[in-house]
Amino acid sequence: DVKVTQSSRYLVKRTGEKVFLECVQDMDHENMFWYRQDPGLGLRLIYFSYDVKMKEKGDIPEGYSVSREKKERFSLILESASTNQTSMYLCASSFFGELFFGEGSRLTVL
Amino acid sequence: AQTVTQSQPEMSVQEAETVTLSCTYDTSESDYYLFWYKQPPSRQMILVIRQEAYKQQNATENRFSVNFQKAAKSFSLKISDSQLGDAAMYFCAYKDGSEKLVFGKGTKLTVNP
């Protein structure tokens, strides 16, 4: 079975903290994605990566960075968390256009 | 830029009945893919059904089927014989030559017993 694992289901951080959200896929997929999900706004793409060390900005990259040092792992980094980054973060990998999602990481920034 | 519009933020249906979720999209491309994803409460999102734009036949997966109207840029999802487990957020999504999917804002489906 396809598996995308996000390291933390729930996180609470303080404003200004550096936050790492980790995602691992076991399917050898080239493409990986980070989406942000907010009520009434749907899913918005933050970054995606099409290969190791390769990345491309999505629609809302401001305040975020990513790292992909190994094919199976794609990390989302909030350099200095702010309250407006409180949200659900979804990681996904893709194969022939189909996305496979992790369970999500709900981040609260106080 | 391509956009996906789901005009129904919420829908409800009685168990065993049929419900249709609407989706329209905007694109100038002729070759693309459309998807419906389901996100049950507190569970991960999964693919329900996909449609290739070059195929005239509407996709079907068991109780789920689509009505794909390419000229009208419409892609609705029909759920037949609704079950309690169908209660979820449903997202319509579009993909062309890029690997990136564009999602609609979602429709929350409630299934009443």
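Residues numbered from 1 in each chain as written. Chains lettered and ligands numbered in written order. Predicted model: local features only at pLDDT ≥ 70, side-chain atom pairs only at ≥ 80, totals over all residues. Heavy atoms only, no water.

A few words on the sheet that holds strand S3 (residues 19-25) of chain A. Residue and element names in this part refer to chain A. Pairing is antiparallel in the open sheet, where 4 strands are placed in the order S1-S3-S8-S7. Of all strands in the sheet, those with a lone pairing partner are strand S1 (4-6) and strand S7 (65-70), marking the two edges. Taking each pair of neighbouring strands and ignoring which way they run, the sheet shows an average axis angle of 20°. Bridge count between S7 and strand S8 (residues 73-78): 4 bridges; the pairing is antiparallel. Each bridged residue has a counterpart across the sheet, and for serine 67 the counterpart in S8 is serine 75. (Pairing = 2+ DSSP bridges. Helix = DSSP H or I, 4+ residues; strand = E, 2+ residues; numbered from the N terminus. Axes fitted to C-alpha atoms, helices over the stretch in contact; angles between N-to-C directions.)

Quick look at the pattern of salt bridges now. Residue and element names in this part refer to chain A. Scanning all chains against the criterion turns up 13 salt bridges over all chains. Across the pair aspartate 38 and arginine 44 runs a salt bridge, and its minimum N-O distance is 2.8 Å. Given a relative accessible area of 24%, arginine 44 falls into the partly exposed group. Linked by salt bridges that have partners in common, Asp28, Glu30 and Lys71 make up one network. (Salt bridge = Lys/Arg side-chain N within 4 Å of Asp/Glu carboxyl O. Buried < 20%, exposed > 50% of the residue type's maximum accessible area, 1.4 Å probe, protein only.)

A separate point is the nonpolar core. The nonpolar side chains of soluble globular proteins are, as a tendency, buried together. Among the nonpolar cores identified, the biggest contains 25 residues, and Tyr25(B), Trp36(B), Phe75(B), Leu77(B) and Tyr90(B) are the most heavily contacted of them. When residues of this core are traced back to their parent elements, those giving at least two are strand S3 (19-21), strand S5 (33-39), strand S6 (46-52), strand S8 (64-69), strand S9 (74-79), strand S10 (88-95) and strand S12 (107-112) of chain B. When residues of this core are assigned to their parent elements, the largest contribution, 4 residues, is made by S10(B). Residue contacts for Phe75(B): discarding those within four places in its chain leaves Cys23(B), Tyr25(B), Leu34(B), Phe35(B), Trp36(B), Gln51(B), Val66(B), Asn67(B), Phe68(B) and Cys92(B). Formed by 22 residues, the second largest nonpolar core is a distinct cluster that contains Leu11(A), Ile46(A), Leu78(A) and Cys91(A). (Core = buried A, V, L, I, M, F, W, Y, C linked by side-chain atoms within 4.5 Å. Contact = heavy atoms within 4.5 Å.)

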